[in-house]
Amino acid sequence: MKKTNNKFAATLCILSLLSVAAIYFEFAATVVMIIALGFSAFISFIAMMCVYHYNGYDFNVGQFWFAYSAVCGVIINAAIFAHGTHIMGEHVALSIILGLIPSILPIIGIFIGDVGRILIKAEPSAI
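Here is a short report on the structure shown in this document. Counting restarts for each chain: residues are numbered from 1 in the order of the written sequence. Since the coordinates come from a predicted model, pLDDT governs what is reported: local features require at least 70, and pairs of side-chain atoms require 80 or more to be given and counted, while whole-chain, interface and lining totals use all residues. Only hydrogens and water are set aside; all other atoms, that is, all heavy atoms of the structure, feed into the side-chain values.

**Side note on the environment of Ile 104**
Put simply, the test is: For the purposes of this entry, the term helix denotes a DSSP run of H or I that reaches at least four residues, the term strand denotes a run of E that reaches at least two, and both are numbered from the N terminus. Contacts were defined at the residue level, with two residues in contact if any of their heavy atoms lie within 4.5 Å.
Relative to the assigned elements, Ile 104 resides in helix 5 (residues 101–104). Taking C-alpha positions, Ile 104 is 18 Å from Thr 4, a pair spaced 100 residues apart along the chain. If sequence neighbours within four positions are ignored, Ile 104 has contacts with Ser 69, Cys 72, Gly 73 and Ile 76.

**Let's talk about the side chain of Arg 117**
The cut-off we apply is this: Burial classification: accessible surface area is computed with a 1.4 Å probe over protein chains only, and a residue below 20% of its type maximum counts as buried, one above 50% as exposed, and the rest as partly exposed.
By the element assignment, Arg 117 lies in helix 6 (residues 106–119). The class for Arg 117 is buried, based on a relative accessible area of 6%. Ignoring any residue separated from it by four or fewer positions in sequence, one finds Arg 117 in contact with Val 51, Tyr 52, His 53, Tyr 54, Ala 122, Glu 123, Pro 124, Ser 125 and Ala 126.

**Topic: the pattern of salt bridges**
Our working rule: We define a salt bridge as a side-chain nitrogen of Lys or Arg found within 4 Å of a carboxyl oxygen belonging to Asp or Glu.
Counted according to the given criterion, the structure contains two salt bridges. Notably, a salt bridge pairs Glu 123 with Arg 117, separated by 3.3 Å at the nearest N-O pair. Owing to a relative accessible area of 31%, Glu 123 belongs among the partly exposed residues under this scheme. For Glu 123, the salt bridge is made with Lys 121, and the minimal N-O distance between the two is 4.0 Å. One network of salt bridges, in which partners are shared, links Arg 117, Lys 121 and Glu 123.

What is shown is where atoms sit, not what they do.
In structure tokens form, the structure reads like this:
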């Protein structure tokens, strides 16, 4: 499962960087964002199911995607801060912020899977 998640993370990173470039250059931005968001929704579903059925002995998918989404969230916050302090232009900051949104969506799947694990299965949190 670890190699599969690394491949998913690399693919999501490439799609997010492609969406940043597409938004910046204003070329096929909608198509690239739809593909990136669709793949991100697929990863969110996989992460949700892995967290929900985590048995404590396998690779913890929840921690992996939590760290991945946290790093992308830090980059988005840095872009917001850089735009607010006029270090970065508005168009560059907007393309970074909107392009990295698919990279932070897997954390929603982790949250839903963990809530289901706690409320439905009455097991401790997997994160």
